[in-house]
Amino acid sequence: MSSPEFEAKLRPDYGIRRIVLLAGLLAMLVGVVLILLLNVPILWRLAATAVWMLDCLWGFWALIRGARQVAWLRLDSNGRLDVVDAEGFSRPARLLTGSLVLRNVAWLRVRLPDGRRYAELLIASRVDAGAWHRLRLIWQQCRDAFGQMVRA
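Remember, it's a predicted structure, so these values are computed and weren't measured experimentally.

Cut-offs used in this document
- Residues numbered from 1 in each chain as written.
- Predicted model: local features only at pLDDT ≥ 70, side-chain atom pairs only at ≥ 80, totals over all residues.
- Heavy atoms only, no water.
- Helix = DSSP H or I, 4+ residues; strand = E, 2+ residues; numbered from the N terminus.
- Contact = heavy atoms within 4.5 Å.
- Buried < 20%, exposed > 50% of the residue type's maximum accessible area, 1.4 Å probe, protein only.
- Pairing = 2+ DSSP bridges.
- Phe/Tyr/Trp six-rings, centres within 6.5 Å; stacked < 30°, edge-to-face > 60°.
- Lys NZ or Arg CZ within 6 Å of the ring centre and 35° of its normal.
- Core = buried A, V, L, I, M, F, W, Y, C linked by side-chain atoms within 4.5 Å.
- pLDDT = per-residue confidence, 0-100.
- Axes fitted to C-alpha atoms, helices over the stretch in contact; angles between N-to-C directions.
- Parallel < 35°, antiparallel > 145°, perpendicular 65-115°, else oblique.
- Salt bridge = Lys/Arg side-chain N within 4 Å of Asp/Glu carboxyl O.

### Re the overall build of the chain
Then, in step 1: Secondary structure assignment for the chain yields three helices and seven strands.
Then, in step 2: Helices and strands in the chain line up, N terminus first, as β-α-α-β-β-β-β-β-β-α.
Then, in step 3: With the C-alpha coordinates of the chain rotated into their principal frame, the extents come out at 70 × 30 × 30 Å.
Then, in step 4: Counting only contacts in the chain whose residues sit at least 6 apart along the sequence, the fraction spanning at least 24 positions is 52%.

So, in structure tokens, the structure goes:
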């Protein structure tokens with residue numbers, strides 16, 4: 001007889017998503033200033049600035065596209081991650097390396113079902129307390145199972 005599945009259902013906070021985008025925008029602007037201060041010919045600085053800005057904008061677009069696809073994240077003790085969209089449709093996803101769950105903060109890097117990469121910042125005070133507790137338990141006990149097919 002197997003034990004019932006243990007899962008954490010996490011709803012991302014839209015305010016936190018905006019903060020992540022604003023932090024990215026600030027990092028982009030700081031990067032532009034630093035590139036323009038380099039002691040190289042102006043054409044190289046302009047080219048590097050254009051490449052930097054395109055890369056940053058591509059990252060912003062990936063975050064926005066991912067946020068449209070993810071209304072909930074559901075992680076279970078078997079190492080499975082599902083993303084649930086606004087209509088309630090659940091699709092399997094994969095937790096990527098670089099994900100981290102600390103006492104009050106989690107940074108989850110996810111490969112969405114369509115192959116795109118997405119990241120979500122979760123803060124304990126902005127998530128249901130029970131779901132946060134379950135997330136931390138799953139992370140501590142089953143962290144090696146994420147991204148792999150684990151058999152019971």
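### Let's talk about the pairing of strand 2 (residues 72-76)
In the case of a regular strand, side chains alternate between the two sheet surfaces.
Then, in step 1: Within strand 2, four of the five residues are buried, leaving the element largely enclosed by the surrounding structure.
Then, in step 2: One ladder, built from four bridges, connects strand 2 with strand 3 (residues 81-84); its direction is antiparallel. Residue pairing in the sheet places R74 in a bridge with D82 of strand 3.
Then, in step 3: The hairpin turn running from strand 2 into strand 3, its antiparallel successor, is four residues long, and G79 in that turn takes a positive phi close to 90 degrees.

### So, the packing of aromatic side chains
Then, in step 1: Here the structure, examined in full by the defined rule, presents zero aromatic pairs.
Then, in step 2: One cation-aromatic arrangement involves K9 over W72; the distance from NZ or CZ to the ring centre is 4.7 Å.
Then, in step 3: Over the ring of W58 we find R65; its NZ or CZ atom is 5.3 Å from the centre of that ring.

### So, the nonpolar core
Then, in step 1: Counting 24 residues, the largest nonpolar core has L10, V110 and L135 as its most contacted members.
Then, in step 2: Sorting the residues of this core by element identifies strand 1 (7-10), strand 2, strand 3, strand 4 (90-95), strand 6 (105-111), strand 7 (117-123) and helix 3 (129-142) as the ones contributing at least two each.
Then, in step 3: With six residues, helix 3 is the single largest residue contributor to this core.
Then, in step 4: Aside from chain neighbours lying at most four places away, what touches L135 is A8, L10, L75, V101 and A106.

### Details of the confidence of the model for the chain
Then, in step 1: Here the chain averages 88 in pLDDT, while 90% of its residues score no lower than 70.
Then, in step 2: Per-residue pLDDT, averaged within each element of the chain, yields its smallest value for helix 3 (89) and its largest for helix 1 (residues 14-36) (96).
Then, in step 3: Of the regions scoring below 50 in pLDDT, residues 147-152 engages in six contacts with residues more than four places distant in sequence or in other chains.

### Thoughts on the packing of helix 1 against helix 2 (residues 42-69)
Helix packing for two helices is described by the angle between their axes and how far apart those axes are.
Then, in step 1: For the pair helix 1 and helix 2, the least separation of the axes is 9 Å and the interaxial angle reads 175 degrees. By the criterion of interaxial angle, the relationship of helix 1 to helix 2 is roughly antiparallel. Together, R17, V20, L21, G24, L25, A27, M28, G31, V32, I35 and L36 of helix 1 and R45, A48, T49, W52, M53, C56, L57, F60, L63, I64 and A67 of helix 2 make up the contact between the two elements.

### A look at the pairing of strand 7
Then, in step 1: Alignment of strand 6 against strand 7, held across seven bridges, turns out to be antiparallel. Along strand 7, the bridge assignment pairs L108 with E120.
Then, in step 2: In this structure, the hairpin formed by strand 6 and strand 7 is closed by a connection of five residues, where G115 is found at a positive phi of approximately 95 degrees.

### Let's talk about the pattern of salt bridges
Pairing between side chains becomes possible if they bear opposite charge and their charged atoms approach one another.
Then, in step 1: Summed over the entire model, instances satisfying the criterion amount to seven salt bridges.
Then, in step 2: Where R17 meets E120, a salt bridge forms, and the shortest distance between an N and an O atom there is 3.0 Å. Of this pair, R17 sits in helix 1 while E120 sits in strand 7, and the two are 103 residues apart along the sequence.
Then, in step 3: Among the ionic pairs, R74 bridges to D82, the shortest N-O distance being 3.8 Å.
Then, in step 4: Several salt bridges converge on common partners, so that one network encompasses E7, R74, D76, R80 and D82.

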